[in-house]
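Structure assessment
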Amino acid sequence: MLDIIKEIESLHIKKELPQFNVGDTVKVDVRITEGAKTRIQVFEGTVIKKQNGGARETFTVRRVAYGTGVERTFPINSPLVEGVKVVRKGKVRRAKLFYLRDRVGKSAKVKELR
């Protein structure tokens, strides 16, 4: 039974996405539908969490817009996610960066991996 589920899920997994990890700054191209029109909107921020695996894998991106922190969770294999571009790699020592929620200014930055 498990093999059948894995086989069906493998059909829906995207293969063209780049490798990115927690701490990386990414640009996510999201398809937005407004009425009859669709457009691509870019959401740029730091990846603070990746979870699950396979077809159910999701990642959460955080950015600060107009002084307010905005977090958005994206399913990696969703048809609404057009693409993900890695802007810069981050140097982190944790799997989840929830501590960034409490920080403001320079301490809320993630060091760049050189």
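Residues numbered from 1 in each chain as written. Predicted model: local features only at pLDDT ≥ 70, side-chain atom pairs only at ≥ 80, totals over all residues. Heavy atoms only, no water.

**A closer look at the pairing of strand S1 (residues 25-34)**
Pairing analysis gives 10 bridges linking S1 to strand S2 (residues 37-51), with the strands arranged antiparallel. Of the residues in S2, the one forming a bridge with Thr33 is Thr38. Where S1 folds back onto S2 in an antiparallel hairpin, the turn is made up of two residues, including Gly35, whose phi is positive at roughly 70°. When S1 meets strand S5 (residues 81-88), the two strands line up antiparallel, connected through six bridges. Across the sheet, the residue bridging to Asp29 is Gly83, located in S5. (Pairing = 2+ DSSP bridges. Helix = DSSP H or I, 4+ residues; strand = E, 2+ residues; numbered from the N terminus.)

**Details of the packing of aromatic side chains**
The geometry of an aromatic ring pair is captured by two quantities: the separation of the ring centres and the angle between the planes. The tally for this structure, following the rule as stated, stands at three aromatic pairs. The interplanar angle of 70° and the centroid separation of 5.0 Å between the aromatic rings of Phe20 and Phe59 together place this pair among those described as edge-to-face. With Phe20 in the loop between helix H1 (2-10) and S1 and Phe59 in strand S3 (residues 58-65), this pair connects stretches of sequence that are 39 residues apart. Judged by its relative accessible area of 2%, Phe20 is buried. Of the residues examined, Phe59 reaches a relative accessible area of 1% and is grouped as buried. Centroid distance Phe59 to Phe74: 5.5 Å. Interplanar angle 35°. Geometry classified as tilted. Remark: Phe74 occurs in strand S4 (residues 68-75) and Phe59 occurs in strand S3; sequence separation between them is 15 residues. Each member of the pair Phe59 and Phe74 is classed as buried. An aromatic cluster is defined as three or more aromatic residues linked by ring pairs; in this entry it consists of Phe20, Phe43, Phe59 and Phe74. Lying across the ring of Phe20, Lys50 places its NZ or CZ 4.6 Å from the centre. (Phe/Tyr/Trp six-rings, centres within 6.5 Å; stacked < 30°, edge-to-face > 60°. Buried < 20%, exposed > 50% of the residue type's maximum accessible area, 1.4 Å probe, protein only. Lys NZ or Arg CZ within 6 Å of the ring centre and 35° of its normal.)

**So, the sheet that holds S1**
If you trace the five strands from one edge of the open sheet to the other, you get S4-S3-S2-S1-S5, paired in antiparallel fashion. Each end of this open sheet is capped by a strand with a single partner; those strands are S4 and S5. Sheet twist, expressed as the mean angle between neighbouring strand axes with direction ignored, is 40°. (Axes fitted to C-alpha atoms, helices over the stretch in contact; angles between N-to-C directions.)

**Looking at the side chain of Asn77**
With respect to the helices and strands, the residue Asn77 is situated in the loop between S4 and S5. Within polar-contact distance, the side chain of Asn77 engages the backbone oxygen of Ala55 at 3.4 Å. Residue contacts for Asn77: discarding those within four places in its chain leaves His12, Ile13, Lys14, Gly54 and Ala55. (Polar contact = N/O pair within 3.5 Å; in protein donor to acceptor, adjacent residues only side chain to side chain. Contact = heavy atoms within 4.5 Å.)

**As for the nonpolar core**
Grouped together as the largest cluster of nonpolar side chains are 14 residues, with contacts concentrated most on Phe20, Val26, Val28, Phe59, Val61, Phe74 and Val84. Those elements giving two or more residues to this core turn out to be S1, S2, S3 and S5. When residues of this core are assigned to their parent elements, the largest contribution, four residues, is made by S1. Sequence-distant contacts of Phe20, defined by excluding residues within four places in its chain, comprise Val26, Val47, Lys50, Phe59, Ile76, Val84, Val86 and Lys89. (Core = buried A, V, L, I, M, F, W, Y, C linked by side-chain atoms within 4.5 Å.)

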